[in-house]
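What follows is each chain in one-letter form.
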Amino acid sequence: MLESLLYPVETIKTRLQTRGASRLAAAPLSLRTALHGVGPNALIMGTGSFLFFLAYEPVRHFLNQIPALRERQSLVHFISCGFGMFAGSTIQVPNDVIKTRMQSGRSSGLVSSAMHVWRNDGIKGFYVGGPAWLMVNLPKTQIAFMLYHAMMVEYKQRVAGD
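Residues numbered from 1 in each chain as written. Predicted model: local features only at pLDDT ≥ 70, side-chain atom pairs only at ≥ 80, totals over all residues. Heavy atoms only, no water.

Chemist: I keep staring at the pattern of salt bridges and nothing clicks. Help me out?
Modeler: A side chain of one charge can pair with a side chain of the opposite charge when the charged atoms of the two come close. According to the stated counting rule, one finds three salt bridges in the structure shown. A salt bridge links Arg60 to Glu57; the nearest nitrogen and oxygen atoms lie 2.7 Å apart. In this pair, Arg60 and Glu57 are both assigned in helix H3 (residues 38–63), three residues apart and thus about one turn of the helix distant. Put simply, Arg158 and Glu154 hold a salt bridge, and the shortest N to O gap is 2.8 Å. You can see Arg158 and its partner Glu154 sitting in helix H7 (residues 130–161), four residues apart, about one turn around the helix. (Salt bridge = Lys/Arg side-chain N within 4 Å of Asp/Glu carboxyl O. Helix = DSSP H or I, 4+ residues; strand = E, 2+ residues; numbered from the N terminus.)

Chemist: When you look at the nonpolar core in this model, what are you seeing that I'm missing?
Modeler: For soluble globular proteins, nonpolar side chains are generally found buried alongside one another. By size, the foremost hydrophobic cluster in this structure holds seven residues: Phe52, Tyr56, Cys81, Met85, Val93, Trp133 and Phe145. Of all the secondary structure elements, the ones that give two or more residues to this core are H3, helix H5 (73–104) and H7. If one sorts the elements of this core by residue count, H5 sits on top with three residues. Membership of the second largest hydrophobic core comes to five residues, among which are Val97, Ile98, Val117 and Phe126. (Core = buried A, V, L, I, M, F, W, Y, C linked by side-chain atoms within 4.5 Å. Buried < 20%, exposed > 50% of the residue type's maximum accessible area, 1.4 Å probe, protein only.)

Chemist: Is there a simple way to think about helix H6 (residues 110–121) in this case?
Modeler: Side chains of residues three or four places apart in an α-helix project in the same direction, reflecting 3.6 residues per turn. A rise of 1.5 Å per residue sets the reference length of H6, with its twelve residues, at 16 Å; its end C-alpha atoms lie 16 Å apart and thus fit the reference within 8%. A positive backbone phi angle near 70° is found at Gly122, which sits one or two residues after H6. (Expected span 1.5 Å × (residues − 1).)

Chemist: I would appreciate a short explanation of the packing of aromatic side chains in the present structure.
Modeler: The geometry of an aromatic ring pair is captured by two quantities: the separation of the ring centres and the angle between the planes. For the structure on display, the rule yields seven aromatic pairs. Here the aromatic rings of Phe53 and Phe145 are separated by 6.2 Å at their centres, their planes lie at 45°, and the arrangement is tilted. Here Phe53, found in helix H3, pairs with Phe145, found in helix H7; they are 92 residues apart in sequence, far enough to count as distant. In this structure an aromatic cluster arises from ring pairing among Phe52, Phe53, Tyr56 and Phe145. (Phe/Tyr/Trp six-rings, centres within 6.5 Å; stacked < 30°, edge-to-face > 60°.)

By themselves, these are just geometric observations and shouldn't be taken as functional.
Following this line, the structure appears as structure tokens:
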């Protein structure tokens, strides 16, 4: 949801960063071009989140069965997030490749962007930047889940103590 709200801002950022890389990227930016592709992006991001939790929850459940990890929930969330992010990246990285092409003006739509990547680079083209995507997104997601868990534990202790 948040990504969809910030999509126009990211489009402006991408357009500014790719200025000169394509004649379309230098074209005037309008509300229509800033929102170009927001619908497909929201749908795909939702699917990536679904895959994240599809991997995250079973791993978390499995790790909680290990006695040595039951008291180390931050580590459980850290490891579970790693599996979840890897699963989610299978759809989120290709989405990023296509989204960047659309935002930069290099392609006119979702299907034409995907077809261009497929024709020129095959399946590998959809995963360009995948390791970098994981290097950026994995740590911040792991930290967010660990902090969320720690805050929930603290909150429950305070509520129980009142």
